[in-house]
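Chain residues, written in single-letter form:
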Amino acid sequence: MGFTVKIEPLNEEENEILQEVINIGMGQAGASLAKLLDTFVNLSVPRVSWVNDDDFVSKVGQLVEGSDDSWSGVRQAFYNQLEGEAFAIYGANGCNQLSGLMGYDESEDMAQEELLLDVTNILIGACLMGVAKQIGKQLDFAAPSLVGIDKPIKELLYSRDREWDQCLLIEVNFHLEESNFSCHLVMLMSEASIEQLRSGLISFMESY
Amino acid sequence: MSVALLIVDDSGFSRKAMLKSLPEAWDVDITQATNGEEALEALRKGLGEVVLLDLTMPVLDGFGVLEGIRDEGLTAKVVVVSADIQPKAKLRVITLGALAFLQKPFNKESLAATLAECGVYSED
């Protein structure tokens, strides 16, 4: 990709609608997570922001830096009317919390990997599917794949499929009854998908 | 006589959606709040006979508002409007005194039906 003009992907009003649509998606994700972990999940307001693909690695790095030393990541591609790649990033602490809740031993690597894939599938699936459904867009998913376990953040982020135009950062915190676990969801999307997103958000708003 | 209606949601879009979805014939005086603290302040001033209350909010969440109403002995008919669809969340708000739980995304019909169910508005 050559020279591109850096513009705001969505305006303030469109972002506000997106935030609420994501909030609804995360409500569904929280309910599925509660079922999987057999606990009550306290939801927080998801924080949503945009960065250019060029700045993606450094911005996400800054966002998560300091809160943990090593990270695990799962990637999941999505396609159809919205097209891109989603990442779920978990701090080492969060992974251990999750394993503990499921009654896994930390040494059971396979079990932990499976758990990360399951949780990611739930979070990304519910979040993106919730968004797509509300704005009336078609969406399909590839199977999630593990990018890495206990790695420095940059190593996880460099492994994306291809260059995308825009990156949507969604920060989600789930407070469980017994423990806290937070994770970052990162959605990379094409310009065409942003346009689909915009048109969908506008018709969602007009439905009221 | 018009009803003092308090709409509580941190999302401006969501508040607008609620405003637009209210039954047209319902005679209400509307106050808006963007978090639980603001909601309790409005309630103390008597601005919320009926409350449409979101759960997931910064500063003080909807559960906190229901606890505040209970602890301060305030009177309000609360309908929770939330994306938190865990069965336990619904149970918790009903236990804390909410009259009904309306799932987001809602529409005119589901909102009117919920308001009628709680006896705060009827079309007749």
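The structure displayed is predicted, hence computed values, not measured ones. (Residues numbered from 1 in each chain as written. Chains lettered and ligands numbered in written order. Predicted model: local features only at pLDDT ≥ 70, side-chain atom pairs only at ≥ 80, totals over all residues. Heavy atoms only, no water.)

Attention now goes to the overall build of chain A. Helix and strand counts for chain A stand at 6 helices and 8 strands. Ordered by position in the sequence, the α and β elements of chain A form the string α-β-β-α-β-β-α-α-β-β-α-β-β-α. A compact globule built from 208 residues would reach a C-alpha radius of gyration of about 17 Å, and chain A, at 17 Å, matches this within 12%. Projected onto its principal axes, the C-alpha coordinates of chain A cover approximately 45 × 40 × 30 Å. Across the 208 residues of chain A, 53% fall into the buried class. Summarising the internal contacts of chain A: among those between residues at least 6 apart in sequence, 77% fall at separations of at least 24. (Helix = DSSP H or I, 4+ residues; strand = E, 2+ residues; numbered from the N terminus. Rg over C-alpha atoms; globule rule 2.2 N^0.38 Å. Buried < 20%, exposed > 50% of the residue type's maximum accessible area, 1.4 Å probe, protein only. Contact = heavy atoms within 4.5 Å.)

Turning next to the nonpolar core. Grouped together as the largest cluster of nonpolar side chains are 50 residues, with contacts concentrated most on A:Phe174, A:Leu185 and A:Leu197. When residues of this core are assigned to their parent elements, the largest contribution, 10 residues, is made by helix H4 (residues 109-134) of chain A. In contact with A:Leu185, other than residues within four places in its own chain, are A:Met26, A:Phe87, A:Ala88, A:Leu123, A:Ile124, A:Cys127, A:Leu168, A:Leu169, A:Ile170 and A:Val172. Core analysis: the second largest hydrophobic core is formed by 24 residues, B:Leu6, B:Val8, B:Leu40 and B:Ile69 among them. (Core = buried A, V, L, I, M, F, W, Y, C linked by side-chain atoms within 4.5 Å.)

Bringing helix H2 (residues 56-64) of chain A into the picture now. Residue and element names in this part refer to chain A. Turning to H2, its buried residues are Phe56, Val57, Val60, Gly61 and Val64. End-on view of H2: buried residues confined to an arc of 125 degrees, all on one side of the axis. Just downstream of H2 lies glycine 66, where phi reads positive at about 90 degrees. (Arc of directions from axis to C-beta.)

Moving on: helix H3 (residues 92-101) of chain A. Residue and element names in this part refer to chain A. Among the residues making up H3, those that are buried are Ala92, Gly94, Cys95, Leu98 and Ser99. An end-on view of H3 places all buried positions within 160 degrees of arc, on one side of the element. Where the residues of H3 are buried, they touch helix H1 (12-37), strand E3 (71-80), strand E4 (84-91), H4, strand E6 (145-151) and strand E8 (180-189). Backbone geometry just after H3 places glycine 103 at a positive phi near 75 degrees.

Next up on the list: the pairing of strand E3 (residues 50-53) of chain B. On any regular strand, side chains alternate: one points to one face of the sheet, the next to the other face. Residue and element names in this part refer to chain B. Here E3 shows no split at all, with Val50 and Leu52 on one side and Val51 and Leu53 on the other all buried. Summarising the sheet, strand E1 (residues 3-8) and E3 pair through 4 bridges and their orientation is parallel. Opposite valine 8, over in E3, you have leucine 53 as the bridge partner. Across 4 bridges, the pairing between E3 and strand E4 (residues 77-82) is parallel. Within the sheet, the bridge partner assigned to valine 51 lies in E4 and is valine 78. (Pairing = 2+ DSSP bridges.)

Detailed reading of predicted coordinates is not advised where the pLDDT is low. In this model, chain A carries an average pLDDT of 85, and 95% of its residues clear a pLDDT of 70 or more. Taken element by element, chain A is modelled with least confidence in H3(A), mean pLDDT 78, and with most confidence in strand E5 (residues 139-141) of chain A, mean pLDDT 95. (pLDDT = per-residue confidence, 0-100.)

All names here are of chain A. Locating aspartate 53 in the fold gives a position in the loop between strand E2 (47-52) and H2. Residue aspartate 53 is classed as buried on the basis of its relative accessible area of 1%. In the structure, aspartate 53 is positioned 110 residues away from glutamate 163 in sequence and 6.9 Å away in space, judged by C-alpha atoms. Those residues in contact with aspartate 53 that sit more than four places away from it in its chain are Arg160, Glu163, Trp164, Asp165, Gln166 and Leu188.

Bringing the pattern of salt bridges into the picture now. Going through the model one piece at a time under the given rule, you end up with 10 salt bridges over all chains. Ionic pairing is found between B:Lys104 and A:Glu20, a salt bridge with its closest N-O pair at 2.9 Å. With B:Lys104 in the loop between strand E5 (100-103) and helix H5 (108-117) and A:Glu20 in helix H1, the pair connects residues from two separate chains. Salt bridges here are not isolated pairs; linked through shared partners, they connect A:Glu20, B:Asp9, B:Asp54 and B:Lys104. (Salt bridge = Lys/Arg side-chain N within 4 Å of Asp/Glu carboxyl O.)

With that out of the way, let us pick up the environment of A:Lys59. Its place among the elements puts A:Lys59 in helix H2. Taking the C-alpha atoms as reference points, A:Lys59 and A:Tyr79, 20 residues apart in sequence, are found 25 Å from one another.

What follows covers the sheet that holds strand E2 (residues 28-33) of chain B. All names here are of chain B. Pairing is parallel across the open sheet formed by 5 strands, whose spatial order is E2-E1-E3-E4-E5. Edge positions in the open sheet fall to E2 and E5, since each of these has one partner strand only. In this sheet, neighbouring strand axes are inclined to one another by 20 degrees on average, regardless of whether the strands run parallel or antiparallel. Relative to E2, E1 runs parallel, the two sharing 6 bridges. Of the residues in E2, the one forming a bridge with isoleucine 7 is glutamine 32. Contacting E1, E2, E3 and E4, helix H1 (residues 12-21) crosses the sheet at an angle of about 170 degrees to E2. (Axes fitted to C-alpha atoms, helices over the stretch in contact; angles between N-to-C directions.)

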